[in-house]
Amino acid sequence: MGQTERLDEEFAAKLKRYRLNRDEHKRICGLIGREPQGVEWALFSALWSEHCSYKSSRVHLKNLYNTSPRVLQAFGENAGVVDLGDGERVAFKIESHNHPSYIEPYQGAATGVGGILRDIFTMGARPIASANYLCFGRPEAERMEKLVDGVVRGIGGYGNAVGVPTVTGQTEFHESYDRNILVNAMAVGLFRPGEKVFLSKAKGPGNLVVYAGAKTGRDGVHGASMASESFGKDSAAKRPTVQIGDPFFEKLLIESCLEVMAEDLVVAIQDMGAAGLTSSSFEMASKGGVGFVMHLDRVPLRDSTLTPEDILLSESQERMLMVVEPSKLQRVQEVFARWGLEAVAIGEVIPDRKMKLYWHGQLLTEIDPDLLTEHAPKYERPFEVWSPRSRVPQAQVAVPIEASIAERELERVLTSPQGCSREFIYRQYDAHVGAATVADCEDSVGVLRLKDSGRGLGVVLGCRPQVMRQDARDGGFDAIAYPALELAAKGFEPLAVTDCLNFGNPERVEVMSSFVAALDGMNELCRILETPIISGNVSFYNETEGRNITSTPSTGLVGLRPDVLKVPKSAFSSSGREVFLLRLPQLMSGGAYRELRGQEPACAGQLAARPFAGFLRALTQVARDEKVLATRVVGKFGLAYALAKMVSRSRVGVRIGRGGFEAARHTLAAGALFHEVFYEVILETSASPSEFRSLVMRQLAAHSPVDLFEMVHLGKTEGSALLIEGLLNVEAHKLEAWSQAGWTNAFENLKLPQSYGEA
Amino acid sequence: MARVGVLRFPGTNCDRDVFEAIGHAGAEAIWLWHADLFDAKAFDALVLPGGFSYGDYLRSGALAARAVAMKSVREAADRGTPILGICNGFQILCESGLLPGALTRNAGLRFRDQWVELEKVGSQSPFGARLSSGARLRVPIAHADGRYMVNDETLKALQDGQQIWLRYTENPNGSRHAIAGVTNRKGNVAGLMPHPERAFHAWMGGEDGRKILDLWD
C-alpha cells in the first residue's frame, strides 16, 4: 500500500468515526479556510449530525404553520410556549428517544423523560404533566417483551420519582417496529401568573458561563451522532453511547433552577441535551450573537481521565448551562448548594462571535459558533409528489363477515395486541402526583386543573400508524384531526401542537416522500384550525438492516376548557341515558380490522380540513353542555370496539336496535361493526332525544354547513351488556376479560394481578 | 389557626400538594427543612409528605430517617403531637422506629397507581378520628414499596393495641393483613400508604381524603 492510499484510508476512517461525509468535510474546510483540527472534528460531528442540525428536514420544517395570537415562543427555543390568558402560560414539547431505548430500554426511556422535562423547566415552567407515545414490534419479536418491560419501567422509574404525573399515553404494535421501537416523551410545564419565561439567548459580555447540576461522565459520548445512524447488526455494541439518568438529581435540579429563576438570578439558560456542552454553549452564543471563553478543565468531572473531546460530547444527564451576572454568582451557588448541587463558573461571555475553548490554559480552538449552528448543510433530499393511496370502491372497504361470527371477531379484536388493554402500562405510572389530575390514562384525554384560574388543560397524543400505512398524507392529517377531536369531545379547544417526526432513512425516496406528504397533511389542517405547531423534533434513520419503520409523525396537543367540573367521561355513566352518534363522514376505511385480518389497506373518500374545523368547533361546544355525560371518538376497529370500551370499563351496558345500527352504518351487514369512518363521536346524554337534537343543531348551525353532518340516535344505555340487535350480545365483564387476556397472551411475564389475598 | 409543619427532604415530591391540602383543611401549613432542627413545641401537628426522599437510595425512607430534622420530629412525637406520614412519609416513620413494621417492595415488584378502597379499623389516631370503625374511604395509592410487613408477634401486638388504623378492602400490594396504615402505641403518630391529599375535591374523583386530614375544621 502506498503512502497516498494509506493517508486516504486514515482520512476515510476519520470521516467514519466522526460520521461526516466528504462533501461535508469540504464544506467545513471552506467555512474555516483550513483543515479542521483536534476537537473541531468532534464539534462539527455533533452539531452537524442529523439529530442536532435537522439537515434533511429543515427545508420542509420552515413551511410549518407556527404562529397564532396565543403563541409566545415557537421553534428555536427549548420548547414552545402558549398563552392561556389570565396570566397562565404553558410550555410543551415532545421528543424521541428511539435509538437509545432499543439499545438499553430502561435507561433509554428514563433519560427520554428526563431530557424532555429539562426542556420545559429550563424555560422557567414547572413541569405539570408527562405523556408517552410508544411503538413496539410484534410481541413475539426478539427481545420485545424485555423492551416493553424496560421502557415502561424506565418511564415510571424516572417520572414517578421526579414527581411529574403521567396523564396520558398511546401504545402501538406493528412488525415494522420489530427492530426499531419508538419512545416519544412529551412534557407540559406551567407558568403561573407573574412567572417569567427564560430563554437560551446569551447576553452581556463579562457575564459568567455557569455549569450546574450533575458532574460530567463518559456516558452518551457521541450519542447525537449515534441517533443519526441506521442500526446494523452491532447495535448492542452501542450501549456505552446510551446516557444514564438519575431522577433524584433531576428533582433537585428542577427545584434549584426554578428557585434561581424565581429570584431572577439568570440571564439565559439551556439544558445540556443531545451533544451536551457543545450544543448548549454553541447555540446559546450563536443565538445571542456573542462568543464564549470556556475552560473545559473547570467542568466538574465524574471521571478524571476524560479528554476535552469527551467533555464536549458527553451526554451525561441532569446538567444545565447558564449565563449569570458576576454579582449574582454567589447567590446562585448558595441556592444550588442548598439542594446539594454544584454551580461552577467555567467561562465568560465575550463580545466577538468566537468560541474560545481552553484546556489547562491552552487554546484548543477559536471558532465562530454560527458556522456550526447556522451553516450546517441543508439537504434537499429527493421525494415524489404524493397521490392518494389504498383507494378502492366504497363497497369493498369493509371486510365482509357473517353475522354468526361477529362475537368471535369482537373477541379477536379485543384480544389482539392492537386492541387489548394497556392497563399493565399505565398502572405503573404515577398519574396523580401534583394533585391537579382530573382525568388520567383511563380516559382518552389527560386533564389537569390549572390552580389559579380553575380552568382545565387537556393533553392528548396523536398519530395512528395504521392510517400512515394506508396513506401518509391522510395519516398526517389524522395525526392532528384525531387527537383534536378527542379534545373537542371533552369540551377542550385545541390550542397548539408539538410533533415528533419518526421516519426511516431520509436518503430513500419513499421515506422522504412520506415525510413531505405527512407534513403537508398536518400543516394543512393546523392552518385551518389555527392550531400552530410550536415545538418538536425529527428522528430519521429509524432503519435496521435496511428495513424502515412505518412513518410515524406522533403529535401532542393541548387544549383549554373553562372548567373541570363536568368533563365527559370516556365510558357510559348510568342506565337509561340516550346514546347518539355524531358524524362527519369523509373517509371510510377498512382500518385496523383489515390489517388484523392480514389484508391490504383499503379506503374510500377524502379528508377535507374546512368541514372538519366546523365539526370540531361545534363538538367542543356540545361537549361542554352538562347534559353530555360521556363521549368517545370512534377510532380503530370501528363502532363495535368503541362501544365495547365504553361498556367494559364502567359495566354499564348499551342496547342498539337494528334501526340505530342501520342509520349509523347504512347497512345491517356484520362487517360494518368494524370498519372505520373518519370522523365520528359517540355521546351519552341525560337530555331527551329531542332536547339533545336541538342542542346539537344549534351548535352545528353556528359553526358549519349543517348538511355535511349526520346525527344518529343509536340507542340507550341499559343492563350490563353490549347489545347490537342481531349481531352482538356480550356481557361487560366478558369484554373486560378479553381485553385483559389480550395483554397477558401477548406478554406472559408482564402481569399485574388485580389484588393479593390477606397475606 | 392550627399550625402544621410540613417536612421537606431532598426528593420529597408531594410536599406542595400536602401543603395546599392542609390550607384547604383550614390550618396554616409551615415548611420545615430536613437539614434544620425546629421547635417541637411550636406545632399543633406535623406531616411528612410522600415522594422519593434521597432518591429511595439504600431503602425507601432509610436516609431521611437519619436527617437532622428527625430529631425534632422525635421530640414532638414524645410530646404527643399528632404526626402523620403519607407514603414515603410513612416509610420514613417506620425506618426511624416511630412506627412499627417495614414497607417492602410490592408483591408483583412493580409501582402501582390506582384508586383503592380503605376500611377504618383502629380508633386511636387523631387523624380521621370522627370516622366510625368500619367506615369505607376511596383514596389513590401510588407506590412501589408499599407492602407492609410485620412478624406474627408484632401483628398480634398491633391488633391487641388497636394500632391497625386502615386496611385495604382489596389488597393491592401484598401487605400483611392488608394493612394500609398503622399508629404507634400512643396513637399520636400515624402512617398510611394512600394519598389523602389526592382525594380532596370532587374534580379529583373523590373527597374522602378530607376525612383523614380533618384535624382542623
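A. Representation of the overall build of chain A within the structure. Scanning chain A for helices and strands turns up 25 helices and 29 strands. The globule rule puts the C-alpha radius of gyration for 759 residues at 27 Å, and the 27 Å found for chain A is close to it. With the C-alpha coordinates aligned to their principal axes, the bounding extent of chain A is approximately 85 × 65 × 60 Å. Taking all 759 residues of chain A together, 64% fall into the buried category. When the accessible surface of chain A is split by element, carbon and sulfur atoms take 48% of a total near 25,600 Å². For chain A, the centre of its 84 positive side-chain charges and the centre of its 94 negative side-chain charges are spaced 2 Å apart.

B. Just the pattern of salt bridges, in detail. Using the criterion set out here, one finds 56 salt bridges over all chains in the structure. The partner of Asp271 of chain A in a salt bridge is Arg118 of chain A, with the nearest N and O atoms 3.8 Å apart. Taken as a pair, Asp271 of chain A in strand β8 (residues 268-271) and Arg118 of chain A in helix α7 (residues 105-121) lie far apart in primary sequence, 153 residues in all. The pair formed by Asp271 of chain A and Arg118 of chain A is uniform in burial state, with each residue classed as buried. Salt-bridge contacts for Asp145 of chain B lead to Arg105 of chain B; the nearest nitrogen and oxygen are separated by 2.5 Å. Of this pair, Asp145 of chain B sits in the loop between β7 (136-143) and β8 (147-149) while Arg105 of chain B sits in the loop between β5 (102-104) and β6 (112-120), and the two are 40 residues apart along the sequence. Each of the salt bridges in this network shares a partner with another, and the network as a whole consists of Arg583, Arg665, Glu680 and Glu710 of chain A.

C. Here's a closer look at unusual backbone geometry. Residues and elements named next belong to chain A. Here Phe678 and Tyr679 are connected by a cis peptide whose omega angle stands at 15°. Within the secondary structure, Tyr679 sits in strand β26 (residues 676-685). Residue Ala435 is not a glycine yet carries a positive backbone phi of 50°. Tracing the chain through its elements places Ala435 in the loop between α16 (423-426) and β14 (437-439). Residue class for Ala435 comes out buried when judged on its relative accessible area of 15%.

D. Local environment of the interface of chain B and chain A. Each partner contributes to the interface: chain B provides 39 residues, whereas chain A provides 42 residues. Between chain B and chain A lies a buried interface of about 3,400 Å² when both sides are counted; carbon and sulfur atoms form 50% of it. Its largest share of buried area at the contact with chain A, chain B owes to Arg110, Asp113 and Trp203 of chain B, together 24% of the area lost on that side. For the pair chain B and chain A, the interface holds 3 salt bridges. When the shortest N-O distance is used, the salt bridge between Asp430 of chain A and Arg198 of chain B registers 2.9 Å. Counting across the chain B and chain A interface gives 17 residue pairs in polar contact (both at pLDDT 80 or more). Elements with a contribution of two residues or more to the side of chain B that touches chain A: α1 (15-24), β6 and β7 of chain B. It is β6 of chain B that provides the largest number of residues to the side of chain B that touches chain A, a total of 4 residues. Residues of the side of chain B that touches chain A, tallied by class, amount to 16 nonpolar, 11 polar and 12 charged.

E. Inspection of the sheet that holds strand β4 (residues 126-136) of chain A at higher detail. Residues and elements named next belong to chain A. Read across the sheet, 6 strands follow the order β1-β2-β3-β6-β4-β5 without closing on themselves; strand pairing throughout is mixed. If you trace the sheet from one side to the other, it starts and ends with β1 (71-73) and β5 (166-173), each paired once. With direction set aside, neighbouring strand axes in the sheet form an average angle of 20°. Taken together, the 5 bridges between strand β2 (residues 80-85) and strand β3 (residues 88-96) define a ladder with antiparallel strand orientation. When the bridges of β3 are listed, Gly85 appears paired with Glu88.

F. Examining the packing of aromatic side chains more closely. For the structure on display, the rule yields 24 aromatic pairs over all chains. Here Phe248 of chain A and Tyr57 of chain B contribute two aromatic rings whose centre-to-centre distance is 6.0 Å and whose plane-to-plane angle is 90°, an arrangement assigned as edge-to-face. A residue pair is termed interchain when its members come from two chains, as with Phe248 of chain A in helix α10 (residues 247-262) and Tyr57 of chain B in the loop between β3 (45-48) and α2 (69-79). The class of Tyr57 of chain B is partly exposed, set by a relative accessible area of 39%. Within the aromatic cluster, the residues linked to one another by ring pairs are Phe136, Phe173, Phe424, Trp743 and Phe747 of chain A.

G. Structural context of the packing of helix α21 (residues 609-623) of chain A against helix α24 (residues 689-703) of chain A. Residue and element names in this part refer to chain A. In the contact formed by α21 and α24, the axes pass within 8 Å of each other and the chain directions differ by 140°. By the angle between their directions, the pair α21 and α24 is classed as oblique. At the point where α21 passes α24, the crossing takes the right-handed sense. Contacts between α21 and α24 involve Gly614, Arg617, Ala618, Gln621 and Val622 from the former and Phe692, Leu695, Val696, Gln699, Leu700 and His703 from the latter. Among the residues forming the contact of α21 with α24, the class breakdown is 6 nonpolar, 4 polar and 1 charged.

H. Looking closely at the state of the cysteines. The final tally for this structure, using the stated rule, is 0 disulfides over all chains. This cysteine, Cys135 of chain A, is not joined by any disulfide, and Cys463 of chain A carries the nearest cysteine sulfur, 7.1 Å off. No disulfide involves Cys87 of chain B; its sulfur sits 6.4 Å from the nearest other cysteine sulfur, which is in Cys14 of chain B. Take Cys87 of chain B: its relative accessible area is 6%, and that puts it in the buried class.

I. Layout of helix α19 (residues 509-529) of chain A. Taking 1.5 Å of rise per residue, the 21 residues of α19 of chain A would be expected to cover 30 Å, and the 30 Å separating its terminal C-alpha atoms lies within 8% of that figure. Burial analysis of α19 of chain A places 16 of its 21 residues in the buried class, the great majority of the element.

J. Main features of the pairing of β3 of chain A. Most of β3 of chain A is tucked away, with 8 of its 9 residues classed as buried. Two successive antiparallel strands, β2 of chain A and β3 of chain A, enclose a turn made up of 2 residues, where Asp86 of chain A displays a positive phi of approximately 55°.

K. Layout of the confidence of the model for chain B. Across chain B, pLDDT averages 96, with 100% of residues at or above 70. The ipTM, which scores confidence in the relative placement of chains, is 0.97 for this predicted complex, and the corresponding pTM is 0.96.

L. Geometry of the nonpolar core. In this structure, Val188, Met322, Phe336, Phe612, Tyr679 and Phe692 of chain A together with Trp216 of chain B are the most contacted members of the largest nonpolar core, which totals 242 residues. For this core, the element with the most residues is α19 of chain A, which contributes 12 residues. Ile32, Val209, Ile311 and Leu371 of chain A belong to the second-largest nonpolar core, a separate cluster that totals 45 residues.

M. Local environment of the side chain of Asn106 of chain B. Residue and element names in this part refer to chain B. Secondary-structure assignment places Asn106 in the loop between β5 and β6. Within polar-contact distance, the side chain of Asn106 engages the backbone oxygen of His143 at 2.9 Å. Contacts of Asn106, omitting those with residues within four sequence positions, involve Phe111, Arg112, His143, Ala144, Asp145, Gly146, Arg147 and Asn173.

What counts as what
- Residue positions are counted from 1 within each chain, in the order its sequence is given.
- Chains carry letters and ligands carry numbers; both start at the beginning, A for chains and 1 for ligands, and go up in the order they are written.
- Totals for whole chains, interfaces and linings use every residue, but because this is a predicted model, local features are given only for residues with pLDDT of at least 70 and side-chain atom pairs only at 80 or more, for both listing and counting.
- Processing note: side-chain calculations cover all non-hydrogen atoms of the structure and skip hydrogens and water entirely.
- In this text, helices come from DSSP runs of H or I with a minimum length of four residues, and strands from runs of E with a minimum of two, each type numbered from the N-terminal end.
- It is over C-alpha atoms that the radius of gyration is taken, and the globule rule equals 2.2 Å times the number of residues to the power 0.38.
- Only protein chains enter the accessibility calculation, which uses a 1.4 Å probe; a residue is then buried when its area is under 20% of its type maximum, exposed when over 50%, and partly exposed in between.
- All accessibility values rest on the Shrake-Rupley procedure with a 1.4 Å probe; residue burial counts only the protein chains present in the view.
- Here the positive residues are Lys and Arg and the negative ones are Asp and Glu; neither His nor the chain ends is included.
- Where a charge lies is defined by one atom per residue type: Lys uses NZ, Arg uses CZ, Asp uses CG and Glu uses CD.
- For this analysis, a salt bridge means a side-chain nitrogen from Lys or Arg found within 4 Å of a carboxyl oxygen belonging to Asp or Glu.
- Contact definition: two residues touch when any of their heavy atoms are within 4.5 Å.
- Buried area: the accessible area, evaluated with a 1.4 Å probe, that two parts lose upon being put together, summed over both parts.
- Here a polar contact means two N or O atoms within 3.5 Å. Within protein one must be a hydrogen donor candidate and the other an acceptor candidate, and residues neighboring in sequence count only if both atoms are side-chain atoms.
- All amino acids are sorted into three groups, where Ala, Val, Leu, Ile, Met, Phe, Trp, Tyr, Cys and Pro are nonpolar, Asp, Glu, Lys and Arg are charged, and the leftover types, Gly among them, are polar.
- Any two strands with at least two DSSP bridges between them are considered paired.
- To obtain an axis, a line is fitted to C-alpha atoms, over the contacting stretch when the element is a helix, and the angle between two such axes runs from 0 to 180 degrees between their N-to-C directions.
- Any two rings among Phe, Tyr and Trp, with Trp reduced to its six-membered ring, count as a pair given centres within 6.5 Å; such a pair is stacked if its planes are under 30 degrees apart, edge-to-face if over 60, and tilted if neither.
- When describing relative orientation, an angle under 35 degrees is termed roughly parallel and one over 145 degrees roughly antiparallel, while 65 to 115 degrees is termed roughly perpendicular and anything else oblique.
- Crossings are sorted by hand: turned counterclockwise from the far helix by less than a right angle, the near helix makes the crossing left-handed, and turned clockwise it makes it right-handed.
- A pair of sulfur atoms, both from cysteines and within 2.5 Å, is called a disulfide here.
- Working rule for helices: expected span equals 1.5 Å times residues minus one.
- pLDDT: the predictor's confidence for each residue, scored from 0 to 100.
- Side-chain atoms within 4.5 Å are what join buried Ala, Val, Leu, Ile, Met, Phe, Trp, Tyr and Cys residues into a set we call a nonpolar core.

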